[in-house]
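Understanding the architecture of this molecule
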Amino acid sequence: MRIGQLARRSGVSVRALRYYEEQRLLESTRTTGGQRDYPDEAMERVQLIQDLFAAGLSSRTVVELLPCVSTGVATPDMLDQLIVERDRIAARIQDLTRAKTKLGHVIENVSAANVGR
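Residues numbered from 1 in each chain as written. Predicted model: local features only at pLDDT ≥ 70, side-chain atom pairs only at ≥ 80, totals over all residues. Heavy atoms only, no water.

With that out of the way, let us pick up the overall build of the chain. Across its full length, the chain holds five helices and two strands. Each helix and strand of the chain, placed in order from N terminus to C terminus, yields the pattern α-α-β-β-α-α-α. In terms of overall dimensions, the chain has a C-alpha envelope of 70 × 40 × 20 Å along the principal axes. For the chain, with 117 residues in total, the buried portion stands at 23%. A separation threshold of at least 6 residues defines the contact pool for the chain, and within that pool the share at least 24 residues apart is 47%. Here the chain displays about 8,400 Å² of accessible surface, and carbon together with sulfur accounts for 54% of that area. Computed over 17 positive and 15 negative side-chain charges, the separation of the two mean positions in the chain equals 8 Å. (Helix = DSSP H or I, 4+ residues; strand = E, 2+ residues; numbered from the N terminus. Buried < 20%, exposed > 50% of the residue type's maximum accessible area, 1.4 Å probe, protein only. Contact = heavy atoms within 4.5 Å. Areas by Shrake-Rupley, 256 points an atom, 1.4 Å probe, with all protein chains shown as cover. Lys, Arg positive; Asp, Glu negative; His and termini not counted. Charge placed at Lys NZ, Arg CZ, Asp CG, Glu CD.)

Here it is, written out as structure tokens:
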């Protein structure tokens, strides 16, 4: 699949896809005309990259951890890093859930105060 197709299907800009290649997050082959050609699995890879970025992982960390996604094999250091990142994300989810709950209480209080107006 060409870069424009991957961009449209994944919702990621062509520029971002080129950046992913520069950072060694995504691989493509080249056609005889020099155009990038991505395998069908690139869609899943791009989604994973987007999810990991959204979770706060840096491109450097993603580059380090992606090999174990592809192979299903992790060194002890990689496994430790995966656990650290998972635990960091879990803590962030707890923080966000707490903030959401507090905002819900504020909304309830404001709504109740505005009912009598």
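With that out of the way, let us pick up the UniProt feature "domain: HTH merR-type" (unreviewed entry) in the chain. Listed under "domain: HTH merR-type" (unreviewed entry) in the UniProt record, and renumbered for this structure, are residues 1-68. Structurally, residues 1-68 comprises 59% helix and 6% strand, and the distance from its first C-alpha atom to its last is 24 Å. (UniProt positions renumbered as here; feature names shortened; annotations may be inferred.)

All right, on to the domain arrangement of the chain then. Buried accessible area, meaning the area lost when the parts come together, often serves as the stated size of an interface. Along its sequence, the chain is organised into domain 1 (1-73) and domain 2 (74-117). Across the contact, 10 residues belong to domain 1 and eight residues belong to domain 2. Our count for the domain 1 to domain 2 interface comes out at zero salt bridges. (Domains from an automatic or database assignment. Salt bridge = Lys/Arg side-chain N within 4 Å of Asp/Glu carboxyl O.)

Counting residues in hydrophobic clusters, the biggest one holds 19 residues, and the most contacted among them are L6, L17, Y20, L25, L26, Y38 and V46. Mapped onto this core, the elements with two or more residues apiece are α1 (3-10), α2 (14-22), α3 (42-54) and α4 (59-71). In this structure L17 touches I3, L6, A7, V12, L26, Y38 and V46, once residues within four positions along its chain are discounted. (Core = buried A, V, L, I, M, F, W, Y, C linked by side-chain atoms within 4.5 Å.)

The next subject is unusual backbone geometry. At R24, a residue that is not glycine, the phi angle is positive and equals roughly 65°. Checked against the element boundaries, R24 lands in the loop between α2 and β1 (29-30). Of the residues examined, R24 reaches a relative accessible area of 63% and is grouped as exposed.

If you check which residues of α1 are buried, you get I3, L6, A7 and S10. Seen along its axis, α1 keeps its buried residues to an arc of 100°; they face one direction. Facing away from the buried side of α1 by more than 90 degrees, the exposed set consists of R8 and R9. In this structure, the buried residues of α1 make contact with α2, β2 (36-37) and α3. Two residues or fewer after α1 comes G11, characterised by a positive phi angle close to 75°. (Arc of directions from axis to C-beta.)

Attention now moves to the environment of A90. The residue A90 is located in helix α5 (residues 76-115) in this model. Given the relative accessible area of 39%, A90 is considered partly exposed. Separated by 14 residues in the primary sequence, A90 and P76 have C-alpha atoms spaced 21 Å apart.

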